[in-house]
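Residue-level structural notes
What follows is the residue order along each chain.
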Amino acid sequence: MTVLEQRGAYRPSPPPAWQPRMDPAPLLPDAEPYRVLGTESAAKTDPGLLLRLYAQLVRGRRYNAQATALTKQGRLAVYPSSTGQEACQIGAALALEERDWLFPSYRDTLAVVARGVDPAQALTLLRGDWHNGYDPHTHRVAPLSTPLATQLPHAVGLAHAARLKGDDVVALALVGDGGTSEGDFHEALNFAAVWQAPVVFLVQNNGFAISVPLAKQTAAPSLAHKAVGYGMPGRLVDGNDAAAVHEVLTEAVRHARAGGGPTLVEAVTYRLDAHTNADDATRYRQDTEVAAWRAHDPVELLERELTERGLLDEAGIEAARQDAETMAASLREHMNRDPELDPMDLFDHVYAETTAQLREQRALLRAELEAEQKQSGGAGEEPGAQGGGAR
């Protein structure tokens with residue numbers, strides 16, 4: 001007698017009364033990534049929107065280059081460049097209304113800046129200066145999330161709470177392909193679909209989770225196909241086509257706002273630079289692969305579309321570059337100033353009401369700092385009195 005033949009054994013076939021809850025066909029993504037640039041759809045896209053996307057892409061490319069240079073100068077502890085992924089982040093930021101919320105990952109500084117956060121403040125966390133660097137409520141941008149995918153359940157919670165309160169708010173959560181292998185990804189999508197929460201998930205599939213290629217993470221036809229298992233629509237889009245990304249995300253945000261529930265969008269893109277300044281990408285990918293993706297550069301794709309249609313000339317290109325240079329110069333000036341930090345800030349903004357344990361730790365640190373000051377001849381100066389100039 002086999003195990004399955006034993007009385008009361010589990011049998012994988014469903015009971016006779018089981019019926020599928022919904023037709024999966026409308027939830028399936030397209031077979032190929034959706035594109036706008038270079039197609040007939042491009043002529044129907046608002047020229048003003050295309051020019052706005054272009055200006056932000058140029059700024060984003062320059063921002064990545066400047067931040068990377070700052071790491072080499074010791075002004076940043078680490079920087080995860082998003083060169084090659086600018087269209088994903090700019091398209092996402094511009095798809096949101098002012099009242100909506102953005103939940104970024106650590107690589108999404110361009111989306112954060114495009115939402116209105118000061119370029120220098122967006123780097124504060126990566127510099128190691130302070131807790132975050134910007135007030136999330138001011139721009140409706142959650143803190144940059146370094147742990148993979150932990151921001152996704154937060155986005156679902158905020159979106160669900162907004163709907164319960166009757167607020168017309170949508171949350172857009174960004175994550176990389178590596179984040180889809182985390183439990184938080186499953187939990188967030190499952191809750192979002194069951195609750196029909198007004199949230200949109202954007203997976204930036206840039207080919208690698210540090211050095212692990214996508215083929216070693218999943219056997220699914222695409223990451224967008226995972227949406228079907230949760231009962232939400234999946235969309236597959238060319239992540240280097242800024243117009244396509246913006247269109248797909250705008251539709252998903254509109255769908256969520258109207259009560260249609262969540263959408264999972266996979267943007268197929270590529271990380272042209274290394275994972276961070278501490279990574280050697282040549283150990284796990286070939287230069288020929290990178291060169292092939294450089295030929296599909298998101299900035300050049302949009303610039304070509306605009307120039308061929310007579311919407312952008314050399315003067316317009318130069319104006320966008322000059323604006324980006326002005327931003328980069330301001331960023332350099334700020335980051336070249338040594339921050340004035342108050343060690344006591346470590347205990348602020350942890351809890352609404354300070355706990356007994358935090359008070360004990362604060363007193364211990366203050367005593368240690370006072371002892372150091374006495375040994376160095378600096379007695380009389382309040383520990384950390386210079387406090388918080390660069391937050």
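Cut-offs applied
As a convention, each chain's residues are numbered from 1 in the sequence order in which they are written. Thresholds applied to this predicted model are a pLDDT of at least 70 for local features of residues and 80 or more for the giving and counting of side-chain atom pairs; totals over whole chains, interfaces and linings are not thresholded and use all residues. By convention in this description, side-chain values take in all heavy atoms of the structure and omit both hydrogens and water. The way it works is that DSSP assigns letters per residue, a run of H or I at least four long becomes a helix, a run of E at least two long becomes a strand, and they are numbered from the N terminus. Throughout, a residue-residue contact means that at least one pair of heavy atoms, one from each residue, lies within 4.5 Å. Throughout, the Shrake-Rupley method with a 1.4 Å probe supplies accessible areas, and for residues the shown protein chains are the sole cover considered. Note that His is not counted, nor are the chain ends; the positive residues are Lys and Arg, and the negative ones are Asp and Glu. For the purpose of locating charges, the reference atoms are NZ of Lys, CZ of Arg, CG of Asp and CD of Glu. Each salt bridge in this description consists of a side-chain nitrogen of Lys or Arg and a carboxyl oxygen of Asp or Glu lying within 4 Å of one another. Note on exposure labels: buried denotes an accessible area under 20% of the residue type's maximum, exposed denotes more than 50%, and partly exposed covers the range between, all computed with a 1.4 Å probe on protein chains only. Strand pairing is assigned whenever DSSP detects at least two bridges linking the two strands. Consider the strands pointing away from the viewer: the crossover is right-handed when the path from the first strand over the helix to the second runs clockwise. Note on geometry: axes are lines fitted to C-alpha atoms, helical ones only across the stretch in contact, with angles between N-to-C directions running from 0 to 180 degrees. For patches, a residue must show more than 30% relative accessible area and have no salt bridge; joins then use 9 Å for like charges and 5 Å for nonpolar side chains, namely Val, Leu, Ile, Met, Phe, Trp and Tyr. Pairs of N or O atoms are called polar contacts if they sit within 3.5 Å, as long as, within protein, a hydrogen donor faces a hydrogen acceptor (for residues adjacent in sequence, only side-chain-to-side-chain pairs). Take the residue count of a helix, subtract one, and multiply by 1.5 Å to get its expected span. This arc is taken over the directions from the axis of the helix to the C-beta atoms. Helix crossings fall into two classes, left-handed where the near helix is turned counterclockwise from the far one by less than a right angle and right-handed where it is turned clockwise. In this classification, Asp, Glu, Lys and Arg are treated as charged, Ala, Val, Leu, Ile, Met, Phe, Trp, Tyr, Cys and Pro as nonpolar, and every other residue, Gly included, as polar. Side-chain atoms within 4.5 Å are what join buried Ala, Val, Leu, Ile, Met, Phe, Trp, Tyr and Cys residues into a set we call a nonpolar core.

1. Quick word on the overall build of the protein
- Tallying secondary structure elements over the protein gives 13 helices and 7 strands in all.
- In terms of its C-alpha atoms, the protein occupies a principal-axis envelope of roughly 80 × 70 × 50 Å.
- Partitioning the intrachain contacts of the protein with sequence separation of at least 6 by distance along the chain shows that 75% fall at a separation of at least 24.
- Carbon and sulfur atoms make up 52% of the accessible area of the protein, which totals about 19600 Å².
- On the protein, the mean spot of the 37 positive side-chain charges and the mean spot of the 53 negative ones are 3 Å from each other.

2. Details of the pattern of salt bridges
- Going through the model one piece at a time under the given rule, you end up with 14 salt bridges.
- Across the pair arginine 235 and glutamate 251 runs a salt bridge whose closest N-O atoms are separated by 3.3 Å. Of this pair, arginine 235 sits in strand 6 (residues 234-238) while glutamate 251 sits in helix 9 (residues 242-257), and the two are 16 residues apart along the sequence.

3. Brief notes about the pairing of strand 3 (residues 199-205)
- By the criterion of burial, strand 3 is predominantly enclosed, with 7 of the 7 residues buried.
- The two faces of strand 3 match: Val199, Phe201, Val203 and Asn205 on one face and Val200, Leu202 and Gln204 on the other face are all buried.
- Here strand 2 (residues 171-176) pairs with strand 3 via 6 bridges, running parallel. Each residue of the ladder has a partner; that of leucine 174, found in strand 3, is leucine 202.
- Tracing the backbone out of strand 2, into helix 7 (residues 183-195) and back to the parallel element strand 3 gives a crossover that is right-handed.
- Here strand 3 pairs with strand 7 (residues 263-268) via 6 bridges, running parallel. Bridging from a neighbouring strand, valine 203 pairs with glutamate 266 of strand 7.

4. Here we look at the sheet that holds strand 3
- An order of 1-2-3-7-6 is seen for the 5 strands of this open sheet, with the pairing classed as parallel. Two strands in the sheet have a free side with no partner beyond their single neighbour: strand 1 (101-103) and strand 6. Sheet twist, expressed as the average angle between the axes of neighbouring strands with direction ignored, equals 20°.
- Sheet analysis places strand 1 next to strand 2, joined by 3 bridges and oriented parallel. Pairing of tryptophan 101 across the sheet is with alanine 171, part of strand 2.
- Docked against the sheet, helix 6 (residues 151-165) engages strand 1, strand 2 and strand 3, running at close to 170° with respect to strand 2.

5. Things to note about a nonpolar patch on the surface
- Taken together, the side chains of Phe191, Val194 and Trp195 present a nonpolar region at the surface, about 300 Å² in accessible area.
- The topology assignment puts valine 194 in helix 7.

6. Regarding the side chain of asparagine 240
- By the element assignment, asparagine 240 lies in the loop between strand 6 and helix 9.
- The buried category is assigned to asparagine 240, whose relative accessible area is 2%.
- There is a polar contact of 2.7 Å between the side chain of asparagine 240 and the side chain of threonine 269.
- A polar contact is formed between the side chain of asparagine 240 and the backbone oxygen of histidine 296, at a distance of 2.7 Å.
- If we ignore the near neighbours within four places in the chain, the residues touching asparagine 240 are Gly84, Ala87, Val268, Thr269, Tyr270, Trp293, His296, Pro298 and Leu301.

7. Focus: helix 13 (residues 356-375)
- For helix 13, built from 20 residues, the straight-helix expectation of 28 Å at 1.5 Å per residue is met to within 8% by its first-to-last C-alpha distance of 29 Å.
- All of the buried residues along helix 13 are Leu358, Leu365, Leu369 and Gln373. Projected down its long axis, helix 13 carries its buried residues within an arc of 80°, all on one side. Residues of helix 13 that are exposed and point more than 90 degrees away from the buried face comprise Ala356, Gln357, Glu360, Leu364, Lys374 and Gln375.
- Where helix 13 terminates, the next one or two residues include glycine 377, which has phi positive at roughly 80°.

8. Re the packing of helix 1 (residues 47-72) against helix 11 (residues 298-308)
- The interhelical angle for the contact between helix 1 and helix 11, taken along N-to-C directions, is 145°, at an axis separation of 10 Å. Crossing of helix 1 against helix 11: the hand is left-handed. On helix 11, the residues touching Leu50, Leu51, Leu53, Tyr54, Leu57, Val58 and Arg61 of helix 1 are Pro298, Val299, Leu302, Glu303 and Leu306.
- Here the residues of the contact of helix 1 with helix 11 are counted per class, giving 10 nonpolar, no polar and 2 charged.

9. Structural notes on the nonpolar core
- Ranked by size, the top nonpolar core spans 63 residues in total, and within it Tyr54, Tyr63, Leu123, Leu172, Val200, Leu249 and Leu302 carry the most contacts.
- Residues within four places of leucine 302 in sequence aside, it is in contact with Leu37, Leu50, Leu53, Tyr54, Leu57 and Ala242.
- Ranked by size, the runner-up nonpolar core spans 27 residues in total, among them Ala149, Leu152, Phe201 and Met232.

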